[in-house]
Amino acid sequence: MMHIESSSLYRLLTNRWILVLFLVSCSYLTIDDGHNWGDDFALYVSQAISIVDGTTNALFETNKFAMDNSDRLTGPYLYPVGTALSLAPVIKLFGVNFYAMKMIMLLFWAASLYIIYTFFKLRTDSTKVAAFITICFGLHPQMVIQSDTIGSDIPFLFFTFLFFARLQKNSVQNPYLFYTQLVGIIFASYVFRSTGILFLPLLSFHQLQQWKTYPIRKNILLLAFPYVLFLLLSKGLSLLYKIDSGSYLQYLLLTDLPTILQNIWYYVELFAAYPFNLWELAIPFLPAFKGIQIISGFIYMISLLLFGISIYGIYSRFKENLDLILFTVIVMGVFIIWPSKQGYRFIIPLLPIYLHFLWLGCIQIKNIYNSIITRSLPLLLVSTIAVSGLICVIQFKFIKNTDAIHTTESKELYAFIKSHTDTTDILCFFKPLAHRLEKDLNAIRQYTDEKSLIHSKADYYISYRTPIIHYAVLQLVFKNTDFAVYRINRPDTL
């Protein structure tokens, strides 16, 4: 009988180009021409507009006012400029066209999947492992829809694995060119996301590993070269574009020990639950019965077991994967102390690494306990994720509409605001930056209690899909199925 790995079908399904093309096609099917509610994408688009118009400083001051006068810091004054720069040509050519901007995200997604496959193929010398990781990552329900969101997550993912792939091809013959390429990748990642600076410790770790065999030991200039180059590039960037770091530091001051402990367990559960989206998709369609809780509890225990298997995978190949382990520790160190939780989008670059260690753990378990279950575990994982991913693609293509900001109800809201408010009015809304992008009126975010609204800077409060609020200071002036607009009538004593 012909071994499955030598079959034509297997070679076709694991072919790098065919696999990436298939995964990218799946992602493309989830894209629509609108956007969901979100402030991150709105600020990226606003920054792109400001680059085209030359109004970045004005945007900084406008957004600083919005963030400083909100109930909590919902985002930075400005994001790193990389995503905005990649969107600026679209703005210049097509205006604010979300579909065209998502095509930029799709291109980064295609490049990311290609470089992930390439990196793990080189790292493991196995087409099977590279295909397993790429499919489990690229077809996961949380990942296959990533191109439908405008942001920095996918570009940063691309530069993350481009860095590891380049680092893996160490060049002793021309070290200055090698370091220039590495620093270029690090700087590009930093331009898209501030955490790109975390690649510098990885570069130092690489230099430490090469200390005895590399000319760096005898050449202080070569040792310092990449860091000097990065500083020069960063200085040049700061002269061209406004850099915001103060709001990030301000946000970190909100961290406390309970938050750190909660975050540690939160991310453990997030990684552990990664293969089980199929069950989450199925639950809404199952009849209510007590057994669902029992099954969910069993799946929860299995997910923690799989997380333990990934830890065993780290242990089994610790020395060979020190770079990936160090990167994971550094990045998770940042996210653990970060006050807010953002689900899978924060840990996107770590998921292929997690899958790599999960594969290693499964192989080690199989070598110890060689049974049909341990032999079938990787196939079960990839099958479960693939099925849930394809279900997600069908849902987004034929059932779900992710455009929340251009619905009929939203357009009615915008029309009312345009005809009944002044350009100097301040609006209070749960997604202030998205609202400002659509209506060019500054907005803030506030808690919905009466005292907070009275002492806020807002002139109007807009609620979204909530019951009518009965506060003495709030006068209902507009409502439809999704929105209610209230004028804030403050007491004369204020």
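Read on for a plain summary of the structure. Keep in mind the model is a prediction, meaning the values are calculated, not measured. (Residues numbered from 1 in each chain as written. Predicted model: local features only at pLDDT ≥ 70, side-chain atom pairs only at ≥ 80, totals over all residues. Heavy atoms only, no water.)

For the pair helix α7 (residues 127–138) and helix α18 (residues 351–368), the least separation of the axes is 9 Å and the interaxial angle reads 130 degrees. By the angle between their directions, the pair α7 and α18 is classed as oblique. The crossing of α7 and α18 is right-handed. Residues K128, V129, F132, I133, C136 and F137 of α7 pack against L351, P352, L355, H356 and W359 of α18. For the contact of α7 with α18, the per-class residue count stands at nine nonpolar, one polar and one charged. (Axes fitted to C-alpha atoms, helices over the stretch in contact; angles between N-to-C directions. Helix = DSSP H or I, 4+ residues; strand = E, 2+ residues; numbered from the N terminus. Parallel < 35°, antiparallel > 145°, perpendicular 65-115°, else oblique. Left-handed = near helix turned anticlockwise from the far one by under 90°. Contact = heavy atoms within 4.5 Å. Nonpolar A, V, L, I, M, F, W, Y, C, P; charged D, E, K, R; others polar.)

Okay, the sheet that holds strand β4 (residues 474–479) next. The five strands are arranged β2-β1-β3-β5-β4 in an open sheet whose pairing can be described as mixed. Only two strands of the sheet have a single partner each, and these edge strands are β2 (443–444) and β4. In the sheet, β4 pairs with strand β5 (residues 483–488) via five bridges, with the strands oriented antiparallel. Paired with F478 across the two strands is V485, which belongs to β5. The sheet strands contacting helix α20 (residues 408–420) are β1 (427–428), β3 (460–464), β4 and β5, and the helix crosses β5 at an angle near 20 degrees. (Pairing = 2+ DSSP bridges.)

Here we come to the side chain of N263. Mapped onto the elements, N263 comes out in helix α14 (residues 257–272). With a relative accessible area of 0%, N263 lands in the buried category. When neighbours within four sequence positions are excluded, N263 is seen to be in contact with F335, I336, W338 and K341. (Buried < 20%, exposed > 50% of the residue type's maximum accessible area, 1.4 Å probe, protein only.)

On to the packing of aromatic side chains, then. This structure, assessed with the given rule, holds 42 aromatic pairs. With a centroid separation of 6.0 Å and 65 degrees between ring planes, the pair formed by W37 and F430 is classed as edge-to-face. Of this pair, W37 sits in the loop between α2 (16–29) and α3 (39–53) while F430 sits in the loop between β1 and α21 (432–439), and the two are 393 residues apart along the sequence. In this structure W37 comes out as buried when scored by relative accessible area, which is 12%. Note on F60 and Y77: the rings are 5.7 Å apart at their centroids and 85 degrees apart in plane angle, and the pair reads as edge-to-face. Of this pair, F60 sits in helix α4 (residues 56–68) while Y77 sits in the loop between α4 and α5 (82–94), and the two are 17 residues apart along the sequence. The exposure classification of F60 matches that of Y77, with both residues buried. An aromatic cluster is present here, built from F119, F120, F156, F161, F163, F164, F199 and F327 joined pairwise through their rings. (Phe/Tyr/Trp six-rings, centres within 6.5 Å; stacked < 30°, edge-to-face > 60°.)

Here we take up the pattern of salt bridges. Tallied over the full model, the rule gives eight salt bridges. Across the pair K102 and D32 runs a salt bridge whose closest N-O atoms are separated by 3.2 Å. Of the two residues, K102 is situated in helix α6 (residues 98–124) and D32 in the loop between α2 and α3; the sequence distance between them amounts to 70 residues. The two residues K102 and D32 agree in class, both being buried. Between D68 and K64 there is a salt bridge whose closest N-O contact spans 2.8 Å. Separated by four residues within a single helix, D68 and K64 lie in helix α4, roughly one turn from each other. By relative accessible area, which is 36% here, D68 ends up partly exposed. (Salt bridge = Lys/Arg side-chain N within 4 Å of Asp/Glu carboxyl O.)

Taken by themselves, the reported measurements are silent on function.
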